[in-house]
Amino acid sequence: MADIILQNVSKDFGSFRAVDGVNLTINSGELFSFLGPSGCGKTTLLRMIAGFEIPSDGSIMLGQTEITDQAPYKREVNTIFQNYSLFPHMNLYDNVAFGLRVKKVAKAEIRDRVHEMLKLVKMEDQAQKFPNQISGGQKQRIAIARALINKPRVLLLDEPLAALDLKLRQHMLIELMNIHDAVGITFIYVTHDQSEAMSISDRLAVMNKGRIVQSGPPDDIYERPASIFSAYFIGDTNMIRGEVTAVHEDYLELNCPDGEGNYFDIDSCFQDAPEVGEHIMLSLRPEKIAISRKKPKEQDDINFVKGQIEDILYLGTHTQYIVRVGQLKFRVFSQHKRVYFDDEAPDWEEEVWLFWHDSDTWQIDFKESDILEAEELDEVSGMRRYLKRGKS
Amino acid sequence: MQPLRTKLFKGMNLTVFSLVMVFLYIPILILIIFSFNDARIVTGWQGFTLKYYKQLFQNRTIQEAFWNTMLIAGLSTLISTALGILTALGLENKRFTGRKGVLALIYTPLMMPDILMGVSLALLFNFTRVNTGMFTVLIAHITFCISYTAIVIQSRLEGFDYSLVEAAADLGARPSYIFWKIKFPLMMPGIIAAALLSFTLSIDDFIITFFTSGRGFDTLPIYVEGTIRRGTITTINSLSTLMIGFTLLLVVLTKRVRKIIISAM
Ligand SMILES: Nc1ncnc2c1ncn2[C@@H]1O[C@H](COP(=O)(O)OP(=O)(O)O)[C@@H](O)[C@H]1O
Ligand SMILES: [Mg+2]
């Protein structure tokens, strides 16, 4: 069942279009995230759902009712603000009770429900304190209690964890998921942090420049990014350009230039049906690639490329290798399993084989103009140089 | 070098500070001491007496002047603070085209010499044939207090966190509810500061009152001036001492009152 339906929603500030033609259906009870870099229009979109901004174009439905122009106080939607916005002149009890007092709920009921809420967020023993006497994490909890006590249909959260330190953030993330499970309403969560969005969401929408670039379950977006932007914004990736040499039912054969006049052949799965002779762009996640000094046994559904190690970066949970193939640079994440294909890990300047499963190479949508963006998103492996040369 | 210089600075600071304090408080101290001096003119200590305080409470003119002062101060504070609140709220809207102009109009009276204000108000009342007296003094006091109250309250509002208003609306509160439960309580410290300022300004205003009161309506400053001109200074000492006491009391009370008002909201 749909809870929020956005139809072609846009918002202009003067001549600047902050949100651009967003179409989206968010299901009842879902934890849905908007993920995108700072300034991409996430807050503006959320504020339109809350009623603080009126869309310049399009419509917003809450269940069966259109709420596009409805005043904020009439909507069954509550918000957790980026800076919590607790009322400084009221103690925590009164802050949480605010919504019920507005609705003139009976005193006894208010007391019961406030205590119930304070218990839900584990703050029942601090009710008499004032907002300036508690920590950021505690303010967060009170803001959640203050919003949820109104039993909204939808809870909006605007970067709720941004102000907390890392440990607390991880802790609150789990707590938020527990609260979501406990109350069972729709949560719309806004963040620029991809790991937050990935771990918390049932579904998410990747945003860029006011538009939704891709939406779907986190693993779907991660495994099958639709564009360079999604591929880079969620996780790291390698881009490979190649010419289609054969099209089969469920895979392609490609011939890829390495920038130095040599070519290597790989197989790949695809999203739209390319034709033989067409040049397409592929994404290959660094952790999908295996690395070995010895050439592995030939197999039908495995791609092989030979390269030379240029850089090794030890990162604790894994090691990042930059491997040169002609002028291309592959980024490879290798976890520290004790069982290697070789006896030991490869070293600087050594010749290695990279190999991965056919289905891990995924065709993405691509325009020349996207390359600049990719460069902004990925400074490490010098994508742009690689892509430019790879084209020849 | 460094320690010597800091020492020197410290010494100088202390000296300057002491001098300021001496010049500020010695006259007040002398005034208080001499209010208990048993002498008609200031000629040195002649012995302790309370008779000038007694005279103070028997003198009908002084009492009348006192109540006039209080009445004017009370009313002008009430009215100018209320108007100041409205002005500040009106100036909140940054898109209001006349905003800069109105702000300039509000700031100007602060820099205008009192005498100019007094004379121009006197001319106005004369021109419009309004009889001078309590009414004209009240109007005059409200006029010069508004600038202060509006500015104090407006500057408090500048730092107001509007996301609180949005948070309240988000929780279902209508605009009027938001005003009385969120905005007004948070404006309260500014309002109290403005009220106090206008009260003290009104109490000790001499020049503007002088030009707008006419004969027959004296406030304390006017009375004091008249009495000193006639040469009797003794009751003035005791009157001033009481006023100092009153001021101190006010300062202490304000802190309390502010807390009480805020917690009551
Ligand atoms: N009230 C406003 N007036 C003008 N520009 C605005 C306003 N609110 C947001 N913007 C602009 O719209 C863009 C998107 O802002 P925002 O929705 O806050 O992004 P995000 O939350 O994704 O960081 C930004 O470039 C911002 O400067
Ligand atoms: Mg934002």
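Cut-off values and rules
Residues numbered from 1 in each chain as written. Chains lettered and ligands numbered in written order. Predicted model: local features only at pLDDT ≥ 70, side-chain atom pairs only at ≥ 80, totals over all residues. Heavy atoms only, no water. Pairing = 2+ DSSP bridges. Helix = DSSP H or I, 4+ residues; strand = E, 2+ residues; numbered from the N terminus. Contact = heavy atoms within 4.5 Å. Axes fitted to C-alpha atoms, helices over the stretch in contact; angles between N-to-C directions. Parallel < 35°, antiparallel > 145°, perpendicular 65-115°, else oblique. Left-handed = near helix turned anticlockwise from the far one by under 90°. Patch = residues over 30% accessible without salt bridge, like charges linked within 9 Å, V, L, I, M, F, W, Y side chains within 5 Å. Areas by Shrake-Rupley, 256 points an atom, 1.4 Å probe, with all protein chains shown as cover. Salt bridge = Lys/Arg side-chain N within 4 Å of Asp/Glu carboxyl O. Buried < 20%, exposed > 50% of the residue type's maximum accessible area, 1.4 Å probe, protein only. Buried area = accessible area lost by both parts, 1.4 Å probe. Nonpolar A, V, L, I, M, F, W, Y, C, P; charged D, E, K, R; others polar.

Colleague: Looking at this model, I keep getting lost on the sheet that holds strand β2 (residues 16-27) of chain A. Mind explaining?
Modeller: Whether parallel or antiparallel, the strands of a sheet pair through hydrogen bonds between backbone atoms. Residues and elements named next belong to chain A. Spatial ordering of the open sheet is given by β2-β1-β4-β5, a layout of four strands whose pairing is antiparallel. Every other strand in the sheet has two partners, leaving β2 and β5 (65-66) as the edge strands with one partner each. Bridging between strand β1 (residues 2-13) and β2 involves eight bridges; their strand directions are antiparallel. Bridging from a neighbouring strand, V9 pairs with V22 of β2. Contacting β1, β2 and β4 (57-62), helix α1 (residues 42-50) runs over the sheet at an angle of about 120 degrees to β1.

Colleague: Whenever I open this one, the packing of helix α2 (residues 92-102) of chain A against helix α3 (residues 107-120) of chain A confuses me. Can you help?
Modeller: The relative placement of two packed helices is expressed as an angle between their axes plus a distance between the axes. All names here are of chain A. Interaxial distance between α2 and α3 falls to 10 Å at its minimum, and their mutual angle equals 125 degrees. Taken together, α2 and α3 sit at an angle that is classed as oblique. Between α2 and α3 lies a crossing of right-handed hand. Between α2, through Y93, V96, A97, L100 and R101, and α3, the contact on the second element is made entirely by I110, R111, R113, V114, H115, M117 and L118.

Colleague: For this particular structure, what's the right way to read a nonpolar patch on the surface?
Modeller: All names here are of chain B. Side chains of V22, I26, L29, I30, I33, W45, F48 and L50 sit close together on the surface and give an oily, nonpolar patch of about 790 Å² of accessible area. Looking at the element boundaries, I30 is found in helix α1 (residues 2-34). According to the relative accessible area criterion, I30 is partly exposed, its value standing at 43%.

Colleague: Help me out: how do you make sense of the interface of chain B and chain A in this one?
Modeller: Each partner contributes to the interface: chain B provides 18 residues, whereas chain A provides 24 residues. In total, about 1800 Å² of surface goes out of reach between chain B and chain A, with carbon and sulfur atoms giving 64% of it. Looking at the side of chain B facing chain A, the largest losses of area belong to E166(B), D170(B) and L171(B), adding up to 38% of the total buried there. Counting every contact that joins chain B to chain A gives one salt bridge. The salt bridge involving R47(A) is made with E166(B); its shortest N-O contact spans 2.8 Å. At seven residues, the largest contribution of residues to the side of chain B that touches chain A is made by helix α7 (residues 163-170) of chain B. Grouping the amino acids of the side of chain B that touches chain A by side-chain chemistry returns 11 nonpolar, two polar and five charged.

Colleague: What am I meant to see in α1(A) here?
Modeller: Residue pairs spaced three or four apart in an α-helix point in one direction, given the helix's 3.6 residues per turn. Residue and element names in this part refer to chain A. By the criterion of burial, α1 is predominantly enclosed, with seven of the nine residues buried. Within the span of α1, buried status applies to K42, T44, L45, L46, M48, I49 and A50. One or two positions beyond α1, positive phi appears at G51, with a value near 105 degrees.

Colleague: How do you make sense of the pairing of strand β17 (residues 318-325) of chain A when you look at a structure like this?
Modeller: Sheet faces and side chains relate simply in a regular strand, where the side chains alternate between the two faces. All names here are of chain A. Burial of β17 is extensive: seven of the eight residues sit out of reach of the surface. For strand β16 (residues 302-314) and β17, the ladder comprises six bridges, and the chain directions are antiparallel. Note that in β17 the partner of Y314 across the bridge is T319. The pairing of β17 with strand β18 (residues 328-335) spans eight bridges and is antiparallel. Bridging across to β18, V323 finds its partner in F330.

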